Amino acid sequence: MKILLTLIVLVPQLAFAQLASLSGVVRGAARQPVPFASVAVVGTTLGTVADAAGRYELAGMPAGTVRLRASAVGFAPIEQRAESTAGQPQILDFLLQVASADLGEVVVTGVGRATEIRRSPVPIATLSRREINLNANTNVIDAAVRGIPGLSAVTTGPNVSKPFIRGLGYNRVLTLYNGLRQEGQQWGDEHGVEVDGYDIERVEVVKGPASLLYGSDAVAGVVNLLPALPSGPEGRLRGEVLNEYQSANGLVGNSLGLNYQKNGFQTSFRASHRLARDYRNSVDGRVYNTGFRELTLTGMAGVSKRWGSSHWYLTLYDNQQEIPDGSRDSLSRRFTRQVSESRLDNIKKRPLVSDDELNSYAISTLHQRIRHYRVFTKTQLHLGGGELHLLLGAQQNTREEFNHPTAPGQPGLALRLTTYTYDVRYHLPDWQGLQISLGSNGMGQLNRHQNATDFPIPDYNLLDAGGFLLLKKPLGKLELSGGLRYDTRLVTWNNFYLAPNPATGFAGAAGPGAAGAELPFPAFRQRYQGVSASAGASFVATEQLTLRANLARGYRAPNIPEIGSNGLDPGAHIVYLGNRSFRPEFSWQQDVGVLWHQTTLDASVEVFHNYVQNFIYQGRLLNEAGQPVVIVPGNTTYQFQQSAARLYGLEASLNWRPAALPWLALNNSVAFVNGQNADASQLERQGEAARYLPLIPPLRARSEVRATLPISKGRLTGTYFRATVDGSASQNHFYALDNTETATAGYALLGLGAGTTLTTTGGRPPVQLIVQVDNVFDTAYQAHLNRLKYFEYYAAAPNGRSGIYNPGRNVAVKVVVPF
């Protein structure tokens, strides 16, 4: 016992005694300090952020030889070795070279190990927190769409964005929060990603099949939302206060973040609250029932030592999101609201929405409430000369849609999804230059209806598991990589009966013997299996030119609505019908990329082709006469269908920083995708209207001119001015069968922004001020992937404009006070 007590006392002291510290200054062009640069110890979670004068301090480091990495927006990252001695502070300065793109960044998403972007054969893009802050975003997916070509979103109002990559979305794009797969009924249209956008430090996007690492649901790619780890001096509480206002919907956002680290112990906490009323545009005025109220709490605690690291995360998300339906008076075009149940509801006799209601921050009776809770742990261990990575997580998503005006406390849809996730991978020690990684990941799910009246899908259970092998071999300028994976998924549910519920006056879940019981969801049991594979190469032809290519086979099992739907989704105003005989989707995608990188110029062109077998999509259900089938009045009916599909396109970027004008940056990008039905028999039967796939974004381009003033001796640092133009071409290639989609006109939106950092006197923390104006000319437009475009009850309108338009001019002000 005495020996044990002695070890307990001495081991921590010995461990702490081996810790060292480094400090210095990060400089850039003309040896000017680089404010807020990041400095980190490579291979660990230790890091810090420099102050406004470029000074950094990094304590709690392991003694001995370490490799440090300094990086900042607009500069190429640099790594330097240092000899750190316990108890003897060392000084190490960095000199960064100007760069206009992030091709040298290291990513962890979609690759077996940390990989430089330009050496990855799979197209990967990143977005930093600084770039996120520069824009007026309504959610984190909206922020990523603005900054990453090839990424788009299907929207249902300002706060609901579903990520699409190269024309594919929903359960084909896997969203991760710090590596944990986000599971929250993502097949639905009318709710977004349950993540605190203020907490995200970095977004990494894999554009193309990522099934090799993540299995089903990553067949189109991955969006990984990465929060920050604590940074700053040892033993000192750090944090920030963020306040934001946006004029289009009166959004008021507030966030408090705290972090602390000492002797390898790390902890952080963030609380964020956002409140918005109905947004406005020049056509519709204020759009009724598009406000929201959102609260998020995020906590983390962990340790980072020489043996590795282990961190625990807990997040709580609570969002009350209004549900628009687009009903209005036919002549005045003023919005109306539902006051009667659907069977007694007369669209033409609904009362007008008052101006007080349109301008109120109060959440209306008809809304949805989404609560999402996560707890998970990420552990990294140096083991046997290699590295073991382990992720274990549990999350629960409760989604309620309150759509009964006469019974406001009774949810129509009430689903509770519980998910348990594991991900384990081991990076073996290099063997003759060959890097080998083995791993397995999967999940178990239980989805249960609560006190509901609408049942679009049955209660179900799901078990999913897969294993993979990854190989990477550097051969001088050439780097080869590839891998193989096998997945299996079991989906089951029992007979699910519905019957009238006397207590609520609506339908409810019931047993087989209940009066009036019906069986819309007969028992089901099906196992889906698939093999994924990838082979690619990158070749650094010169210091500036990199060539890369990749061939990947992706796999996706059908999701629950696709195989099991048989009812109304009230928030989407759609009756969905599934198909129990669907087979898994398999895709073959080819990617070819050319990247050019030098101090003043970065350019890239990425071309892709994707052929998808058994592609599943929604199509309007028609009767024998070719007319739409109406099952629930006032709601459209869609049935999932399966076909072959072909998608192809490109993304290109050109970023220039003139050598004679180092304060000026010009950034340009363009993205194009075309999606077509590749099933000849279906085209022959359905005609030209079915040629194109649904939800394909139009050609999009973005240009930015940014001027950053040189650092002076005054109190203002990092001052910049920017102008952006976001353009979308007309979309005339759309899924036109029975007017499921219609053509969308092109548009161009001008944005203007400015920002600065004020260094206060007396050593007080700096204040960052950001002002951004989007849609400066208040242009009236409808994005092709805006679902509200189709929220229209009349065949014609007096003003000639159908559906609901996107937000108009938006003036945003953001103030960040770090401390």
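We now turn to the structure provided with this report.

### Overview of the overall build of the protein chain
1) Next: Tallying secondary structure elements over the protein chain gives seven helices and 49 strands in all.
2) Next: Computed over C-alpha atoms, the radius of gyration of the protein chain comes to 27 Å, within 12% of the 28 Å expected from 2.2 N^0.38 for 819 residues, which places it in the range of a compact globule.
3) Next: If one aligns the C-alpha atoms of the protein chain with their principal axes, the spans along those axes are about 80 × 55 × 55 Å.
4) Next: When each of the 819 residues of the protein chain is scored for burial, the buried share is 56%.
5) Next: The contacts in the protein chain between residues at least 6 apart in sequence include a share of 66% that link residues at least 24 apart.
6) Next: Summing over all exposed atoms, the protein chain offers an accessible surface of approximately 32,600 Å²; the carbon and sulfur share of this is 60%.

### Describing helix H3 (residues 140–147)
1) Next: For H3, a buried count of six out of eight residues is recorded, marking the element as mostly surrounded by other parts of the structure.
2) Next: When H3 is considered as a whole, its buried residues turn out to be Val-140, Ile-141, Asp-142, Ala-143, Ala-144 and Val-145.
3) Next: A distance of 3.1 Å separates the backbone nitrogen of Ile-141 from a side-chain oxygen at the start of H3, and that oxygen is part of Asn-139.

### As for the packing of aromatic side chains
1) Next: Overall, the coordinates contain 12 aromatic pairs when judged by the stated rule.
2) Next: Relative to Phe-94, the ring of Tyr-56 has its centre 6.0 Å away and its plane inclined at 55 degrees; by these criteria the two rings are tilted. Taken together, the positions of Tyr-56 in strand S4 (residues 55–62) and Phe-94 in strand S9 (residues 94–95) put the pair 38 residues apart, joining distant regions of the chain.
3) Next: Given the relative accessible area of 2%, Phe-94 is considered buried.
4) Next: Measuring from ring centre to ring centre gives 5.7 Å for Tyr-617 and Tyr-735, while their planes differ by 75 degrees; the resulting arrangement is edge-to-face. In this pair, Tyr-617 sits in strand S42 (residues 601–620) while Tyr-735 sits in the loop between strand S46 (716–728) and strand S47 (747–758), placing the two residues 118 residues apart along the sequence.

### Remarks on a nonpolar patch on the surface
1) Next: Nonpolar side chains collect at one region of the surface, where Val-592, Val-605, Val-607, Tyr-648, Leu-650, Phe-672 and Leu-699 lie side by side and expose about 530 Å² of accessible area between them.
2) Next: For the nonpolar patch, the elements supplying multiple residues, two or more each, are S42 and strand S43 (636–656).
3) Next: Position of Val-605 relative to the elements: it lies in strand S42.
4) Next: Assessed through its relative accessible area of 39%, Val-605 is described here as partly exposed.

### Here we look at empty space enclosed by the protein
1) Next: Applying the stated criterion across every chain yields a total of 12 cavities of 30 Å³ or more.
2) Next: Lining the largest cavity we find 42 residues, and of these Asp-142, Arg-146, Leu-749, Tyr-781 and Asn-806 sit closest to its centre.
3) Next: Looking at the lining of the largest cavity, the elements that each hand over two or more residues are H3, strand S14 (151–155), strand S45 (700–708), S46, S47 and strand S48 (767–774).
4) Next: A breakdown of the residues in the lining of the largest cavity according to their chemical character gives 17 nonpolar, 19 polar and six charged.

### Overview of the sheet that holds strand S34 (residues 496–501)
1) Next: Strand order in the open sheet made by the three strands is S35-S34-S36, with antiparallel pairing throughout. Unpaired on one side and paired on the other, strand S35 (506–510) and strand S36 (518–521) mark the two borders of the sheet. If you compare each strand with its neighbour and ignore which way they point, the axes differ by 45 degrees on average.
2) Next: Two strands pair when backbone bridges link them, and S34 and S35 are joined in this way by five bridges, in the antiparallel orientation. Among the inter-strand pairings, Tyr-497 is bridged to a residue of S35, identified as Ala-510.

### Observations regarding unusual backbone geometry
1) Next: Even without a glycine there, the phi angle at Arg-333 is positive, about 65 degrees.
2) Next: With respect to the helices and strands, the residue Arg-333 is situated in the loop between strand S27 (308–322) and helix H5 (355–358).

What counts and what doesn't
- Residues numbered from 1 in each chain as written.
- Predicted model: local features only at pLDDT ≥ 70, side-chain atom pairs only at ≥ 80, totals over all residues.
- Heavy atoms only, no water.
- Helix = DSSP H or I, 4+ residues; strand = E, 2+ residues; numbered from the N terminus.
- Rg over C-alpha atoms; globule rule 2.2 N^0.38 Å.
- Buried < 20%, exposed > 50% of the residue type's maximum accessible area, 1.4 Å probe, protein only.
- Contact = heavy atoms within 4.5 Å.
- Areas by Shrake-Rupley, 256 points an atom, 1.4 Å probe, with all protein chains shown as cover.
- Polar contact = N/O pair within 3.5 Å; in protein donor to acceptor, adjacent residues only side chain to side chain.
- Phe/Tyr/Trp six-rings, centres within 6.5 Å; stacked < 30°, edge-to-face > 60°.
- Patch = residues over 30% accessible without salt bridge, like charges linked within 9 Å, V, L, I, M, F, W, Y side chains within 5 Å.
- Salt bridge = Lys/Arg side-chain N within 4 Å of Asp/Glu carboxyl O.
- 1 Å grid on protein atoms, 1.4 Å probe; cavity = no way out; pocket = protein on both sides within 12 Å on 5 of 7 lines; lining within 4 Å.
- Points joined across faces, edges and corners; volume = space filled by probe spheres on them.
- Nonpolar A, V, L, I, M, F, W, Y, C, P; charged D, E, K, R; others polar.
- Pairing = 2+ DSSP bridges.
- Axes fitted to C-alpha atoms, helices over the stretch in contact; angles between N-to-C directions.

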